[in-house]
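# Structure assessment
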Amino acid sequence: MSKRRSGRAAVTGIGVVAPNGLRTDAYWKSVREGLGVLDLITREGCEHMPLRVAGEVRSFDPAALIEDRFLVQTDRFSHFAMAAAALALDDAGLGGEPADPYSVGVVTAAGSGGGEFGQRELQKLWGKGSKYVGPYQSIAWFYAASTGQISIRGGLKGPCGVVASDEAGGLDALAHAARAVRRGTDVMVVGAAEAPLAPYSMVCQLGYPELSTLDDPDRAYRPFTEKACGFVPAEGGALLVVEDEGRARERGVPVRGVVAGHAATFTGASRWAESREGLAHAITGALDEAGVAPEEVDVVFADALGVPEADRAEALAIADALGAHGTRVPVTAPKTGFGRAYCGAPVLDTVAAMLAMEHGLVPPTPNVFDVCHDLDLVTQHARPAELRTALVLSRGLMGSNAALVVRRGDDSAR
């Protein structure tokens, strides 16, 4: 096979493990229908926490998807990532050992690592003694564990890395992978999956003033409304296969989307008013890299934190960066139906953006009705639209801002 390169980073595989669907089709069906799956947390040891509502991945059986030798040395966040990576590689027609293992790399983003595994082993340490602590405690909790285990399991020996960041790191990882492909790497497996619903992890999150502690799943996460009271966390995420578009065309596989532009800024933890300027700069930078004019943006997948000051800053940032078009372009936040999976959240949004462009539908924002900002927020029902360019936004609780421009894949390869 020749290696004709286009210089464009194409997404050819998608793998999803989310509270509202364990595969791409199930995830998209839930997103397009605006289904809400937020519910009271059922995880053991979390019954008396002030955090009451979350998006749980409840029908996931890691033993059915991952070999025993990997299960014993990995945390739930890596189980999600490994399963999603396998789904993405199969979707791209790249399942099995690669012909050239050095041609395929891996990069993931992680916000907190493996809290459940770490908590279990530390309880053994303090309750029984050091000889009861397993050897994998040294690696299973680590931010880079998912990247390492995906690489080892698949025999992928190309450039590997991890973005240890808060929510916006999910988009930063996609940009990292796209740039690796443009520099000559054949294939990158990229994304993020989180598992923040173990007791220790939840205690850590309780320090976030942006966290919603309402116990009504229908009211706990309602961004861009007067009743906004914070965000609801979720577990899960998505992994993608990114490769050069020319290579994908030669392989004869569908191009699900093109990662066209990215930019990131930093404005500081919980400085939501300042995030207006930072996010606007990120949007402008991403559009510039993609060569896209503001009026060419067909849909915006919002960060949608659910904090009044942060929501106002995001609405103003969209207007600042897109001009008058910013108040007319359809905006959506499907995550209000299943929760905000930290670094996994913007990757799930990117998947939703590509599927929205494939199907010509802007999905709705569940549980949101009374919008109080100058946005064309899509609510209640999906909206048919011709979509060629999507803008995905993300902000982290520690102050990162990121924007990603995704273009529609050409259907001619299908």
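Residues numbered from 1 in each chain as written. Predicted model: local features only at pLDDT ≥ 70, side-chain atom pairs only at ≥ 80, totals over all residues. Heavy atoms only, no water.

## Here we look at the sheet that holds strand 9 (residues 299-301)
- Spatial strand order, 5-4-6-7-1-8-15-14-9-10-12: 11 strands in an open sheet with mixed pairing. The two strands at the open ends of the sheet, each matched to only one other strand, are strand 5 (160-164) and strand 12 (376-377).
- Bridge analysis of strand 1 (residues 9-17) against strand 8 (residues 257-266) gives three bridges, and the strand direction is antiparallel. Across the sheet, Ala9 pairs through a bridge with Val259, a residue of strand 8. (Pairing = 2+ DSSP bridges. Helix = DSSP H or I, 4+ residues; strand = E, 2+ residues; numbered from the N terminus.)

## Examining the UniProt feature "domain: Ketosynthase family 3 (KS3)" (unreviewed entry) in the chain
- If you check UniProt for "domain: Ketosynthase family 3 (KS3)" (unreviewed entry), the listed places come out as residues 6-408 in our numbering.
- Summarising residues 6-408: 34% helix, 20% strand, and an end-to-end C-alpha distance of 16 Å. (UniProt positions renumbered as here; feature names shortened; annotations may be inferred.)

## A few points about the state of the cysteines
- Enumeration according to the criterion identifies zero disulfides in this entry.
- Cysteine Cys229 remains unbridged, with the sulfur of Cys372 as its closest cysteine sulfur at 13 Å.
- What makes Cys372 partly exposed here is its relative accessible area of 36%. (Disulfide = S-S within 2.5 Å. Buried < 20%, exposed > 50% of the residue type's maximum accessible area, 1.4 Å probe, protein only.)

## Side note on the pattern of salt bridges
- Per the stated rule, a full pass over the model turns up 26 salt bridges.
- The closest approach of N and O atoms between Glu67 and Arg153, which form a salt bridge, is 3.0 Å. Pair noted here: Glu67 is in the loop between helix 2 (62-65) and helix 3 (68-71) and Arg153 is in helix 7 (residues 145-154), with a separation of 86 residues, a long-range link.
- Given the relative accessible area of 37%, Glu67 is considered partly exposed.
- For Arg219, the salt bridge goes to Asp216, with nearest N and O atoms at 3.9 Å. (Salt bridge = Lys/Arg side-chain N within 4 Å of Asp/Glu carboxyl O.)

## Considerations on the domain arrangement of the chain
- Examined at the domain level, the chain breaks down into domain 1 (9-251) and domain 2 (260-408).
- Distance from the C-alpha centre of domain 1 to the C-alpha centre of domain 2: 21 Å.
- When domain 1 packs against domain 2, the two sides together hide about 4,900 Å² of surface, and 68% of this comes from carbon and sulfur.
- When the buried area of domain 1 at its contact with domain 2 is split by residue, Trp28, Glu167 and Phe224 rank highest and sum to 20% of it.
- Put simply, domain 1 and domain 2 have three salt bridges between them.
- On the surface where domain 1 and domain 2 come into contact, there are 25 residue pairs in polar contact (both at pLDDT 80 or more).
- When contributions to the side of domain 1 that touches domain 2 are tallied by element, the ones reaching two or more residues are strand 1, helix 1 (24-32), strand 4 (104-110), helix 8 (169-182), strand 6 (187-194) and strand 7 (236-244).
- At eight residues, the largest contribution of residues to the side of domain 1 that touches domain 2 is made by helix 8.
- Looking at the side of domain 1 that touches domain 2 residue by residue, the class counts come to 34 nonpolar, 15 polar and 13 charged. (Domains from an automatic or database assignment. Buried area = accessible area lost by both parts, 1.4 Å probe. Polar contact = N/O pair within 3.5 Å; in protein donor to acceptor, adjacent residues only side chain to side chain. Nonpolar A, V, L, I, M, F, W, Y, C, P; charged D, E, K, R; others polar.)

## Focus on the nonpolar core
- Judged by nonpolar contacts, the single largest core of 50 residues is most densely connected at Ile283, Val297, Val300, Leu322, Leu391, Leu393 and Val405.
- Looking at this core, the elements that each hand over two or more residues are strand 3 (53-54), strand 8, helix 11 (272-290), helix 12 (308-322), strand 14 (389-395) and strand 15 (400-408).
- Among the elements that take part in this core, helix 11 stands out by supplying eight residues, more than any other.
- When residues are assigned to domains, this core turns out to be shared by domain 1 (9-251) and domain 2 (260-408), each giving three or more.
- Those residues within four positions of Ile283 in sequence are excluded, and the remaining contacts are Ala317, Ile318, Ala321, Leu322, Leu391, Leu393 and Ala403. (Core = buried A, V, L, I, M, F, W, Y, C linked by side-chain atoms within 4.5 Å. Contact = heavy atoms within 4.5 Å.)

## Examining the packing of helix 1 against helix 13 (residues 344-359)
- Relative orientation of the contacting elements helix 1 and helix 13 amounts to 80°, with a least axis distance of 11 Å. It follows that helix 1 is roughly perpendicular to helix 13 by the angle criterion. Along its contact with helix 1, which presents Thr24, Tyr27, Trp28 and Val31, the element helix 13 presents Leu348, Asp349, Val351, Ala352, Leu355, Ala356 and His359.
- Of the residues in the contact of helix 1 with helix 13, the class split is eight nonpolar, two polar and one charged. (Axes fitted to C-alpha atoms, helices over the stretch in contact; angles between N-to-C directions. Parallel < 35°, antiparallel > 145°, perpendicular 65-115°, else oblique.)

## Some points on a nonpolar patch on the surface
- Together, Trp141, Phe142, Tyr143 and Val162 give the surface a local cluster of nonpolar side chains, amounting to about 330 Å² of exposed area.
- Taking the relative accessible area as the measure of exposure, Phe142 reaches 40% and is therefore partly exposed. (Patch = residues over 30% accessible without salt bridge, like charges linked within 9 Å, V, L, I, M, F, W, Y side chains within 5 Å. Areas by Shrake-Rupley, 256 points an atom, 1.4 Å probe, with all protein chains shown as cover.)

## Looking at the packing of aromatic side chains
- Within the structure shown, the criterion is met by six aromatic pairs.
- Note on Trp141 and Phe142: the rings are 5.5 Å apart at their centroids and 70° apart in plane angle, and the pair reads as edge-to-face.
- Between Phe231 and Tyr342, the ring centres sit 5.9 Å apart and the planes meet at 90°, which makes this aromatic pair edge-to-face. Of this pair, Phe231 sits in the loop between helix 9 (199-205) and strand 7 while Tyr342 sits in the loop between strand 10 (330-332) and helix 13, placing them 111 residues apart in sequence. Like Phe231, the residue Tyr342 is buried in the burial classification.
- Joined through ring pairs, the aromatic side chains of Trp141, Phe142 and Tyr143 make up one cluster.
- Taking the ring centre of Phe231 as reference, the NZ or CZ of Arg340 above it sits at 5.7 Å. (Phe/Tyr/Trp six-rings, centres within 6.5 Å; stacked < 30°, edge-to-face > 60°. Lys NZ or Arg CZ within 6 Å of the ring centre and 35° of its normal.)

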